[in-house]
Amino acid sequence: VYGDVGGLSELIFLGQLRLSSTNVFGDVRSFSEWTGLVSLDLTGTAVSGDVGALGGLADLEDLRLASTKIFGDVVGLSGLTGLDHMDLGSTNVVGDVGDLAGLTFLDSLDLSLTNVSGDAATLNGLPVLDSLDLRFTNVRGDIRDLSRLTSLYSLDLSFTQVSGDVRSLGGLTSLGLLVLSFTEVHGDVGGLANLTSLRLLDL
């Protein structure tokens, strides 16, 4: 499957669009009028444009644009309060992760390999967050401030500027994957002994 996504611009009542790993291209502005769109998956395509063009899609719950050519500041998505899944990994987006702190329905957030920055602690108010991937970004902060994210199953902050005592995460007993390699995190690994659900631990 190939072609310019702009050719679909008249399908304004479409609720779900999944074109991942296809040869489509074009500007995400083509979807800016699709106000009923609930799910958009363009992962691994050549689609480009400013991610903020999607900021008016108030019904959007699932946004997957990883490994595309999109760019822009994530603050443009801060009004999508119904989002439960956001994957912008391996794109050229920028901005402060704190601008997404109001997306309280998020259960999965992937901004890995992007140019986002800010204090990771600003996300500690996302009550149902299950997966957080910020590896290879410019985020910083003390990991103890993430100890409130009690629903977390997967946490990857590798190759970031986060710091703090690893023992501060010892209460996140739902964790199955914890990756903190190449950070400023320190402390006694024995403090993680209660994380009996862990399947992968990389410090």
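Residues numbered from 1 in each chain as written. Predicted model: local features only at pLDDT ≥ 70, side-chain atom pairs only at ≥ 80, totals over all residues. Heavy atoms only, no water.

## Some thoughts on the sheet that holds strand S15 (residues 161–165)
Spelled out, the test is: Paired strands, in this sense, are two strands between which DSSP finds at least two bridges. Helix and strand labels come from DSSP, where a helix needs a run of H or I of at least four residues and a strand needs a run of E of at least two; each type is numbered from the N terminus. Every axis in this analysis is a line fitted to C-alpha atoms, fitted for helices over the stretch in contact. Angles between the N-to-C directions lie between 0 and 180 degrees.
If you walk across this open sheet you meet the nine strands as S1-S3-S5-S7-S9-S11-S13-S15-S17, and the pairing is parallel. Every interior strand has two partners, whereas the edge strands, strand S1 (2–4) and strand S17 (184–186), have only one. Strand-to-strand twist across the sheet, computed as the mean angle between neighbouring axes with direction ignored, equals 15°. The pairing of strand S5 (residues 46–50) with strand S7 (residues 69–73) spans three bridges and is parallel. Counted as the bridge partner of aspartate 50 is phenylalanine 71 from S7.

## Comments concerning the side chain of aspartate 133
What counts, and what does not: The cut-offs for exposure are 20% and 50% of the maximum accessible area for each residue type, with area from a 1.4 Å probe on protein chains only; residues under the lower value are buried, those over the upper are exposed, and the others partly exposed. Pairs of N or O atoms are called polar contacts if they sit within 3.5 Å, as long as, within protein, a hydrogen donor faces a hydrogen acceptor (for residues adjacent in sequence, only side-chain-to-side-chain pairs). The contact definition used throughout considers only heavy atoms, calling two residues in contact when any of these lie within 4.5 Å.
Structurally, the position occupied by aspartate 133 is in strand S12 (residues 131–133). Aspartate 133 sits in the buried class, given a relative accessible area of 12%. At 2.8 Å, the side chain of aspartate 133 and the side chain of arginine 135 are in polar contact. With residues near it in sequence (within four places) discarded, aspartate 133 still touches Leu109, Asp110, Leu111, Ser112 and Asp156.

## Quick look at the environment of glutamine 161
With respect to the helices and strands, the residue glutamine 161 is situated in strand S15. Here the alpha-carbon distance between glutamine 161 and threonine 22, two residues 139 residues apart in the chain, equals 35 Å.

## Looking at unusual backbone geometry
Residues other than glycine seldom take positive phi values, yet serine 67 does so here, at roughly 55°. Note on placement: serine 67 falls in the loop between strand S6 (62–64) and S7. Positioned with a positive phi, leucine 113 is a non-glycine residue whose angle comes to about 55°. Along the polypeptide, leucine 113 turns up in the loop between strand S10 (108–110) and strand S11 (115–119).

## Describing the packing of aromatic side chains
What counts, and what does not: Think of it this way: a Phe, Tyr or Trp ring, Trp meaning its six-membered ring, pairs with another when their centres are within 6.5 Å, and the plane angle makes it stacked under 30 degrees, edge-to-face over 60, tilted otherwise.
Counted according to the given criterion, the structure contains three aromatic pairs. Ring geometry for phenylalanine 31 against tryptophan 34: centres 4.9 Å apart, planes inclined by 80°, an arrangement best described as edge-to-face. Pair check on accessibility: phenylalanine 31 and tryptophan 34 agree, each one buried. Ring geometry for phenylalanine 136 and phenylalanine 159: centres 4.2 Å apart, planes at 10°, overall stacked. Note that phenylalanine 136 is positioned in the loop between S12 and strand S13 (138–142) and phenylalanine 159 in the loop between strand S14 (154–156) and S15, a separation of 23 residues in sequence. The exposure class of phenylalanine 159 is partly exposed, given its relative accessible area of 34%. Joined through ring pairs, the aromatic side chains of Phe136, Phe159 and Phe182 make up one cluster.

## Describing the nonpolar core
Spelled out, the test is: The nonpolar core is taken to be a set of buried Ala, Val, Leu, Ile, Met, Phe, Trp, Tyr and Cys residues, with the residues joined through side-chain atoms within 4.5 Å.
Counting 55 residues, the largest nonpolar core has Leu40, Met86 and Leu88 as its most contacted members. Discounting residues that sit within four places of it in the chain, methionine 86 has contacts with Leu63, Leu77, Leu100, Leu103, Leu106, Ser108, Leu109, Asp110 and Leu111.

## Quick word on the pattern of salt bridges
Rules: A side-chain nitrogen of Lys or Arg and a carboxyl oxygen of Asp or Glu constitute a salt bridge if their distance falls within 4 Å.
Tallied over the entire structure, the rule returns six salt bridges. For the salt bridge of aspartate 142 with arginine 144, the shortest nitrogen-to-oxygen distance reads 3.5 Å. Here aspartate 142 falls in the partly exposed class, since its relative accessible area comes to 23%. Residue arginine 144 is classed as exposed on the basis of its relative accessible area, which comes to 53%. With a closest N to O distance of 2.5 Å, arginine 167 and aspartate 165 form a salt bridge. The network of salt bridges with common partners includes Asp133, Arg135 and Asp156.

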